[in-house]
Amino acid sequence: MDQFLVKNKEWSKKLNASNPAYFQQLAEGQSPKALLLGCSDSRVSPSQVLGAELGEFFIHRNIANVVSHADMNFLSVMQFAIEVLKVEHIIVYGHYGCGGIKAALSNEAHGLIDNWLANIRDVINRNKEELSTCEGIGCQVNRLVELNVLAQIENIKQTSVYKEAIKSGCKITLHPWVFDFSTGLVHDLAGGD
Ligand code: CO
């Protein structure tokens with residue numbers, strides 16, 4: 001692990017050299033553009049993939065980027081992002097080949113995590129017919145990845161935090177995005193690409 005501390009020193013030194021005020025400005029506060037909910041997967045690091053600077057995204061990550069109405073952790077993050085940081089965009093950032101999605105599709109028992117994956121099994125149950133038309137497990141996983149991102153966007157709309165914000169006139173745009181680590185590209189499921 002020591003190599004990371006060495007890399008950190010080099011990174012800090014390099015940034016300081018190119019902009020001596022950088023860390024001072026960073027310490028003064030944050031004003032991120034968006035809240036991003038992503039998967040914990042080590043390969044999808046959103047800031048890196050999206051070329052974001054420190055301070056641009058307020059980020060929460062969990063297995064398979066789930067919005068659970070019983071999850072005080074994410075709901076608190078969202079409340080803070082909306083009410084205090086005044087973010088105007090919320091991105092649900094899923095990724096193809098997601099292990100959490102694969103696990104939710106399998107009939108095997110995985111222990112404690114099955115309680116978390118139950119959130120995704122609800123998405124499976126609501127889309128059984130469509131998923132049955134997918135040829136092969138890979139196709140089924142990737143379609144469920146997309147359906148899950150869209151379902152979590154709907155879950156965000158159902159939270160009291162979001163409803164209150166909209167009622168009080170906040171403009172919040174929701175973005176269903178999926179990262180494909182076989183190409184490095186992020187797809188916008190709302191259209192575009
Ligand atoms: Co994942």
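Residues numbered from 1 in each chain as written. Predicted model: local features only at pLDDT ≥ 70, side-chain atom pairs only at ≥ 80, totals over all residues. Heavy atoms only, no water.

> Mind showing me how you'd approach the side chain of Ser 68 here?
Relative to the elements of secondary structure, Ser 68 occurs in the loop between strand E2 (57–62) and helix H4 (72–84). Relative accessible area serves as the criterion here: at 10%, Ser 68 is assigned to the buried category. Excluding anything up to four places from it in sequence, Ser 68 contacts Leu 75, Trp 116 and Asn 119. (Helix = DSSP H or I, 4+ residues; strand = E, 2+ residues; numbered from the N terminus. Buried < 20%, exposed > 50% of the residue type's maximum accessible area, 1.4 Å probe, protein only. Contact = heavy atoms within 4.5 Å.)

> Could you clarify how one ought to interpret the side chain of Glu 146 in this entry?
For Glu 146, the position within the fold is in helix H8 (residues 137–158). By relative accessible area, which is 16% here, Glu 146 ends up buried. Within polar-contact distance, the side chain of Glu 146 engages the side chain of Arg 143 at 2.7 Å. In contact with Glu 146, other than residues within four places in its own chain, are Tyr 96, Val 178 and Leu 189. (Polar contact = N/O pair within 3.5 Å; in protein donor to acceptor, adjacent residues only side chain to side chain.)

> What exactly am I supposed to notice about the coordination of the cobalt ion here?
In an ideal octahedron of six donors the angles at the metal are 90 or 180 degrees, and in an ideal tetrahedron of four donors they are 109.5 degrees. Every protein donor of the cobalt ion is accounted for by Cys 39 (SG), His 95 (NE2) and Cys 98 (SG), and the metal-donor separations fall at 2.0 to 2.3 Å. When the donor residues of the cobalt ion are listed from N- to C-terminus, their spacing reads C-x55-H-x2-C. Take Cys 98: its relative accessible area is 2%, and that puts it in the buried class. (Donors = N, O, S within 2.8 Å, 3.2 Å for Na, K, Ca; no water.)

> How do you make sense of the sheet that holds E2 when you look at a structure like this?
Sheet strands associate in pairs through backbone hydrogen bonding, adopting either a parallel or an antiparallel arrangement. Taken in spatial order, the five strands of this open sheet run E2-E1-E3-E4-E5, and their pairing is mixed. Lying at the two open borders of the sheet, with one neighbouring strand each, are E2 and strand E5 (185–188). Each neighbouring strand pair of the sheet contributes to a mean axis angle of 25°, computed without reference to strand direction. Where strand E1 (residues 34–39) lies against strand E3 (residues 89–95), five bridges are found, and the strand directions are parallel. (Pairing = 2+ DSSP bridges. Axes fitted to C-alpha atoms, helices over the stretch in contact; angles between N-to-C directions.)

> Is there a simple way to explain the packing of H8 against helix H9 (residues 160–167) in this structure?
Between H8 and H9, the least distance of the axes is 5 Å, while the angle of their chain directions is 65°. Only Ser 160, Tyr 162 and Lys 163 of H9 make contact with H8, whose side of the interface consists of Ile 156, Lys 157 and Gln 158. Residues belonging to the contact of H8 with H9 are distributed by class as follows: two nonpolar, two polar and two charged. (Nonpolar A, V, L, I, M, F, W, Y, C, P; charged D, E, K, R; others polar.)

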